[in-house]
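# Working through the structure, step by step
Spelled out, the chains give:
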Amino acid sequence: MTTDILSLSFPGLSKDAAMFWYRVDSFVRPLSHYLDYFNYVISLIGIASNVFHLIVLTRKPMRILTINIFLIGIGICDLGRMLSLLTIFTPQYYLYYQQKVVPRTW
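What comes next concerns the included structure. Note that the coordinates shown come from a computational prediction; the quantities given were computed from them, not determined experimentally.

The next thing to look at is the pattern of salt bridges. Under the definition given, this model contains one salt bridge. Linking R29 and D25 is a salt bridge whose minimum nitrogen-to-oxygen distance equals 2.9 Å. On the criterion of helical spacing, the pair formed by R29 and D25 is a turn pair, its members being four residues apart in helix α2 (residues 15-57).

What follows is the structure, given as structure tokens:
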């Protein structure tokens, strides 16, 4: 790795510090794909359990307590976050599936 690339990637750092952060980046970057996949699977499971909890919490007898109203709000926010993760990762994994599994015809 040349000093020019290090100075462009990590401006303002010494050569030793830039090499350290380059090594950290080369270690963490391959792990990010696995962490994204783990996050995707947890979101799928979380959506199913969150929908169940929201169904239970929105029943008339459960809405009496204030804490349950807060839990409904937390559940809605959590559900929205998990749905946004699915909308981000699903096209990426679908494209990955097409590239790896589906044979090219041309």
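What follows covers the packing of α2 against helix α3 (residues 66-100). Axis angle and axis distance: for two packed helices, these are the angle between their axes and the distance between the axes, and together they describe the pair. Where α2 contacts α3, the two axes come as close as 8 Å, and the packing angle between them is 145°. For α2 against α3, the interelement crossing comes out left-handed. Its residues placed into classes, the contact of α2 with α3 shows 18 nonpolar, eight polar and two charged.

Moving on, we get to the nonpolar core. With 11 residues, the main nonpolar core is built from Y40, I47, L54, L57, I72, L79, M82, L85, L86, F89 and Y93. For this core, the elements supplying multiple residues, two or more each, are α2 and α3. No other element matches α3, which puts seven residues into this core. In this structure L79 touches I47, N50, V51 and L54, once residues within four positions along its chain are discounted.

Before going further, it helps to spend a moment on the packing of aromatic side chains. All told, the structure shown has four aromatic pairs when counted by the stated rule. With centroids separated by 4.9 Å and ring planes inclined at 75°, the aromatic side chains of F20 and W21 adopt a geometry described as edge-to-face. Consider the rings of F89 and Y93, whose centres lie 6.1 Å apart with planes at 40°: the pair is tilted. Linking F89 with Y93, this pair stays in helix α3, spanning four residues, or about one helical turn. Looking at F89, the relative accessible area reads 8%, which means it is buried. Judged by relative accessible area, which is 16%, Y93 ranks as buried.

Thresholds, definitions, all that
Residues numbered from 1 in each chain as written. Predicted model: local features only at pLDDT ≥ 70, side-chain atom pairs only at ≥ 80, totals over all residues. Heavy atoms only, no water. Salt bridge = Lys/Arg side-chain N within 4 Å of Asp/Glu carboxyl O. Helix = DSSP H or I, 4+ residues; strand = E, 2+ residues; numbered from the N terminus. Axes fitted to C-alpha atoms, helices over the stretch in contact; angles between N-to-C directions. Left-handed = near helix turned anticlockwise from the far one by under 90°. Nonpolar A, V, L, I, M, F, W, Y, C, P; charged D, E, K, R; others polar. Core = buried A, V, L, I, M, F, W, Y, C linked by side-chain atoms within 4.5 Å. Buried < 20%, exposed > 50% of the residue type's maximum accessible area, 1.4 Å probe, protein only. Contact = heavy atoms within 4.5 Å. Phe/Tyr/Trp six-rings, centres within 6.5 Å; stacked < 30°, edge-to-face > 60°.

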